[in-house]
Amino acid sequence: MTGLPATVTHRVTGRQVHVDEPLRLGGAGRETALTVQFLRECQSHGLRTHWEIAHEETPGGDAYDARMLHHLPPPAERPGESGKLSEWRTSYAAFPTGMLYHRRGPDFITVMDRRERPASARFTLDHPDLLTTFGTVQEATALSELSAVQREAVDLLAAERLALVADGWAVALPPRLHRWPVPCTGI
Amino acid sequence: MRVQLVTMPWHPIDLPSLQVGLLHRLLQQVRSDDEVREFHGSLRWAEFLLERSGGWLRPGDYEAIGSDSIFDGLGDWVFSGALYEDENWGVARLKEYAASRGICTDTASDMRVHAAEFIVECAAEVLAQEPDVVGFTSTFMQNVPSLALARELKRCRPDLTVVFGGSNCDGPMGHALHRNHPFVDLVVRGEGEYAFPALLRHLDAGTQPADVPGLCWWDGRTPRVNTQSRRTVAPADIPAPDYDQWQAALEASPVLEYVYPKLVVEGARGCWWGEKHHCTFCGLNGSSMAFRAKTGAQLWSEIDHLVRRHRILDVVTVDNIIDMAYFKDFLPLAVESGWDLRMHYEVKSNLTREQIALLGQAGAVLIQPGIESLSNRVLDLMDKGVSGARNVRTLRECENHSLTCTWNYLYGFPGETVEDYAPVVDQLPALVHLQPPGGAHRIQLERFSPNFTDPGFGFGKRRPAEMYQHVYDLPEVELTDLVYLFDTEDAGIGGQAESRLKRAVGDWRDGHPGSSLVMEEAEPQEGVDVLLVHDQRHGWPRRTHRLTGWQAVALRRLEDGRTEPALHRLLTGDGHDVPAGELNVWIQQAQAMGLLFRDGRTYVSLPTWEVPVRIDSDPADHAADRQAADRQAADRQAADRQAAAG
């Protein structure tokens, strides 16, 4: 049991994950949300992740800001790739652990966001609607399946770049910290 | 009565003061009519520096002085000019001291120019609350900042009652602090839970506090000192701290964006090991070694309350040693919570593998196991009660469970020899994949330690540490009672052996980041166990060792550490009929390949099962880098201005 979503075909060897098929991130609702969910869980478990982006894809496309994903493992390098991909790779290499993560407490969740360094942002989510919705969108979710209250909560999360909303789908972005780095005080 | 509780620099600005929190809650319980206010002078100082320096002196600078300069007294020196009302006091002495030791004092000097004004502002802020009593808690370098404020308070309000307490006031230190500073009315020596309310009752009644154990007080102009009680505070009488005012102050402060707030809790006082075997160099428990602990349920209840109230998941425990009962009645509660805690705990190094795993599961991911040395004999000399092999095992298990382990390599113990160090230093390159010590340091002579109290240990010649010359304007005879650290003659190794140890530790630290030695079980072949050990350690050939049959079993059996005969017996019991000579040859080969560490007759295997996610440095380092860059930019601007002016 790796705890990784079965929605993406993958193999785990030790602490490495190899994804068998190219993944989509171009903003096509469900596929993009599922890819983000999978990569988020890989990051959450501290796994080294090898994956390729679908050939025709540019992360984000016109649907969202690709810098929101810089805390997730970038795809394998390929010749002539877009500047967005190399920017992602550089950003991740500089901060491969702890750029964005969440921790769970009793009736609240804390989030640390250092995607816009050197600034950092800390959030404490303790409103019941936000907490519930944050839990719901741990899995890629169609906006049409959310209640009005949850839609409002997703909008708030998206405004703080804590959830990705694209093409009618939503997914939470901050990985849960399952494995502290050493030194644990470094993030 | 209005009581103001004060904590001055250099209390860590990411932590509440446990002492202030405890006394606040205690007074709420036993003197509910009192009005208790807190003054977080430490936080105010960090704010003051930010503001007055235009953002130049940041919380990172505060932390650097507060935590890194304890053995040079820079934090106290920053406020000594304010205390003695002479901006030049101690400047020449520090300059001479720093030059002889190669210490940079630029940041401390930059701060010092603001100290006097800060103290005046603090006094105004405290007195605006119209307190009847102001109580200071003082530990490490809080003495001079606290004395400076106390003096100013009494100058402004001579009728105010000023009380001191805390670790700096334990035993003769409290007496010396009192008799040398007439503006300090009362000093509580030892634990405050019984004494502080008792002295407040005397203040209410206007009676002499002659019956308050340990108290120092003035009888006219004569300093009186009550005998310190041997009675310790029962765990049931130690309240849960109140951090409401601290959190309110921090959340209103610009310092917040620079720090990661943490909660401070206390499960136990004293040291259960020290009661039986006092580590020869340790003075941390002061005059009260008696070990007392809250129940695990009580400690968890306090953490549960504080975490829910303050929405903070980082918890620092101040216990000098974990109560072993907590592995059964506290840590499982933390595991059950499912919360993502990050706890800091001091533990004894001889924990089992299961106990270390439980610490990790419970969120106690930062431990300080008091490793101190990897040599059996030196550990015996310091009466540490653990072997070098056990310490190596602990380091290895920290890797397996992603625990951050902080420790220092200590040397300079009377009776140690070059021969104690050579075999360990020879093997340090094999440990490069394990977390290295912060450094190799000669032990200090600390008050209350056996090395201090018994000159027979070899430190008969001692005098107050030289740094106190630029901290206090007091004669040596008074410093002898007042201070915690002493200079003494070096003991143990020196010269080349000392240099070699320091160099080896430096190499360990340099080589660690990319190093790993990790094993995995491969598919058995024809019913024979196969163990692969991937060696990617700095300074070693990159290779994979393939161990099969009894050799694979032997490496695993040595995870706990065994002597050669014991290993032979175990292998025989496992059904492996290995000739003793053959086993000996394999052990020598495995040690030569850096797969085993030898401590006396004991061997312990070094490969780990996991490699933690490692990151390069602490945020403080990032902050330091940013500050260095900012300083360079500012220097350039200053140079540009000078050039323009010229």
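Quantities reported herein were computed from a predicted structural model and do not represent experimental measurements.

1. Description of the interface of chain B and chain A
Residue-level contacts link 32 residues of chain B with 28 residues of chain A. Counting the surface lost from both chain B and chain A, the interface buries some 2700 Å², and carbon and sulfur atoms represent 53% of this. Where chain B meets chain A, there are six salt bridges. Scanning the region where chain B abuts chain A turns up 17 residue pairs in polar contact (both at pLDDT 80 or more). Breaking the side of chain B that touches chain A down by element, the ones donating at least two residues are helix H13 (296-310) and helix H26 (619-645) of chain B.

2. Focus: the environment of Val315(B)
Note on placement: Val315(B) falls in strand S11 (residues 314-317). Excluding residues that lie within four positions of it along the chain, Val315(B) makes contacts with Leu263(B), Val265(B), Ile303(B), Val307(B), Leu341(B), Arg342(B), Met343(B) and His344(B).

3. Notes on the pattern of salt bridges
A full pass over the atoms with the stated rule returns 58 salt bridges over all chains. In this structure, the salt-bridge partner of Arg308(B) is Asp107(A), at a minimum N-O distance of 3.4 Å. Pair noted here: Arg308(B) is in helix H13 and Asp107(A) is in the loop between strand S4 (100-105) and strand S5 (108-113), and the two residues belong to different chains. One network of salt bridges, in which partners are shared, links Arg44(B), Glu47(B), Glu51(B), Arg52(B), Glu117(B), Glu121(B) and Glu125(B).

4. Topic: helix H22 (residues 495-511) of chain B
Note: α-helices contain 3.6 residues per turn, so residues at a spacing of three or four share the same orientation. Residue and element names in this part refer to chain B. Counted at 1.5 Å a residue, the expected span for H22 with its 17 residues is 24 Å, and the 24 Å between its end C-alpha atoms agrees. Taken together, the buried positions of H22 are occupied by Ala497, Glu498, Leu501, Ala504, Val505, Trp508 and Gly511. Structurally, H22 contributes buried residues whose contacts are with helix H18 (388-400), strand S15 (409-411), helix H19 (418-427) and strand S16 (440-442).

5. Re empty space enclosed by the protein
Residues and elements named next belong to chain B. Applying the stated criterion to the full structure yields four cavities of 30 Å³ or more. Space inside the largest cavity adds up to approximately 50 Å³. Along the walls of the largest cavity sit Thr7, His11, Pro12, Ile13, Leu15, Pro16, Ser17, His40, Ser42, Leu43 and Trp246, which together make up its complete lining. Of the residues that constitute the lining of the largest cavity, the class distribution is six nonpolar, five polar and no charged.

6. Considering the sheet that holds strand S6 (residues 121-125) of chain A
Residue and element names in this part refer to chain A. Taken together, three strands build an open sheet; the order of strands is S4-S5-S6 and the sheet is antiparallel. The open sheet has two edge strands, S4 and S6, and neither has a second partner. If you compare each strand with its neighbour and ignore which way they point, the axes differ by 15 degrees on average. Relative to S6, S5 is paired through five bridges, and the arrangement is antiparallel. Counterpart to Val111 in the pairing with S6 is Phe123.

7. A short note on the packing of aromatic side chains
All names here are of chain B. Tallied over the full model, the rule gives 23 aromatic pairs over all chains. Centroid distance Trp45 to Phe79: 4.8 Å. Interplanar angle 55 degrees. Geometry classified as tilted. Of this pair, Trp45 sits in helix H2 (residues 41-52) while Phe79 sits in helix H4 (residues 74-83), and the two are 34 residues apart along the sequence. Exposure class is identical for Trp45 and Phe79. Each is buried. Aromatic pair Trp407 and Trp508: ring centres 5.7 Å apart, planes at 65 degrees, arrangement edge-to-face. Placement of the pair is Trp407 in the loop between strand S14 (404-405) and S15 and Trp508 in helix H22, with a sequence separation of 101 residues.

8. Quick look at the sheet that holds strand S3 (residues 48-50) of chain A
Backbone hydrogen bonds are what pair the strands of a sheet, in a parallel or an antiparallel way. Residue and element names in this part refer to chain A. With mixed pairing, the three strands of this open sheet are ordered in space as S1-S2-S3. Taken across any chain shown, the strands that pair with only one partner, and hence form the sheet edges, are strand S1 (10-13) and S3. Each neighbouring strand pair of the sheet contributes to a mean axis angle of 20 degrees, computed without reference to strand direction. In this structure, strand S2 (residues 16-19) lies alongside S3, joined through three bridges in parallel fashion. Its bridge partner lying in S3, His18 is registered against His50. Taken strand by strand, helix H1 (residues 29-44) contacts S1, S2 and S3, and its axis lies near 165 degrees from that of S2.

9. Observations concerning the packing of helix H7 (residues 115-127) of chain B against helix H8 (residues 143-156) of chain B
Residue and element names in this part refer to chain B. Closest axis-to-axis distance for the H7/H8 pair is 9 Å, and the angle between their directions is 60 degrees. By the criterion of interaxial angle, the relationship of H7 to H8 is oblique. Seen along the crossing, H7 lies across H8 with a hand that is right-handed. Of H8, the residues touching H7 (which contributes Ile119, Val120, Cys122, Ala123, Val126 and Leu127) are Pro145, Ala148, Leu149, Glu152, Leu153 and Cys156. For the contact of H7 with H8, the class distribution of residues is 11 nonpolar, no polar and one charged.

10. Thoughts on the confidence of the model for chain B
Predicted confidence across chain B gives a mean pLDDT of 93, with 95% of residues reaching 70 or more. This model gives residues 618-646 of chain B a pLDDT under 50, and the stretch forms 21 contacts once residues within four places in sequence are excluded.

11. So, the environment of Ala465(B)
Inspection of the secondary structure assignment puts Ala465(B) in the loop between strand S18 (462-464) and helix H21 (476-482). Not counting chain neighbours up to four residues away, the residues in contact with Ala465(B) comprise Leu485(B), Phe486(B) and Asp487(B).

12. Quick notes on the domain arrangement of chain B
Residue and element names in this part refer to chain B. Segmentation of chain B into domains returns domain 1 (2-233), domain 2 (262-511), domain 3 (516-605) and domain 4 (618-646). Between the C-alpha centres of domain 2 and domain 3 there is a distance of 31 Å. Between domain 2 and domain 3, the residue contacts involve 17 residues of the former and 17 residues of the latter. Carbon and sulfur atoms make up 52% of the area that domain 2 and domain 3 hide from each other, which totals about 1400 Å². Three residues, Arg396, Gln427 and His433, lead the burial of domain 2 against domain 3; their summed loss comes to 34% of the area buried on that side. Asp560 is the partner of Arg393 in a salt bridge, and the nearest nitrogen-oxygen pair spans 3.5 Å.

Reading the values: rules and limits
Residues numbered from 1 in each chain as written. Chains lettered and ligands numbered in written order. Predicted model: local features only at pLDDT ≥ 70, side-chain atom pairs only at ≥ 80, totals over all residues. Heavy atoms only, no water. Contact = heavy atoms within 4.5 Å. Buried area = accessible area lost by both parts, 1.4 Å probe. Salt bridge = Lys/Arg side-chain N within 4 Å of Asp/Glu carboxyl O. Polar contact = N/O pair within 3.5 Å; in protein donor to acceptor, adjacent residues only side chain to side chain. Helix = DSSP H or I, 4+ residues; strand = E, 2+ residues; numbered from the N terminus. Expected span 1.5 Å × (residues − 1). Buried < 20%, exposed > 50% of the residue type's maximum accessible area, 1.4 Å probe, protein only. 1 Å grid on protein atoms, 1.4 Å probe; cavity = no way out; pocket = protein on both sides within 12 Å on 5 of 7 lines; lining within 4 Å. Points joined across faces, edges and corners; volume = space filled by probe spheres on them. Nonpolar A, V, L, I, M, F, W, Y, C, P; charged D, E, K, R; others polar. Pairing = 2+ DSSP bridges. Axes fitted to C-alpha atoms, helices over the stretch in contact; angles between N-to-C directions. Phe/Tyr/Trp six-rings, centres within 6.5 Å; stacked < 30°, edge-to-face > 60°. Parallel < 35°, antiparallel > 145°, perpendicular 65-115°, else oblique. Left-handed = near helix turned anticlockwise from the far one by under 90°. pLDDT = per-residue confidence, 0-100. Domains from an automatic or database assignment.

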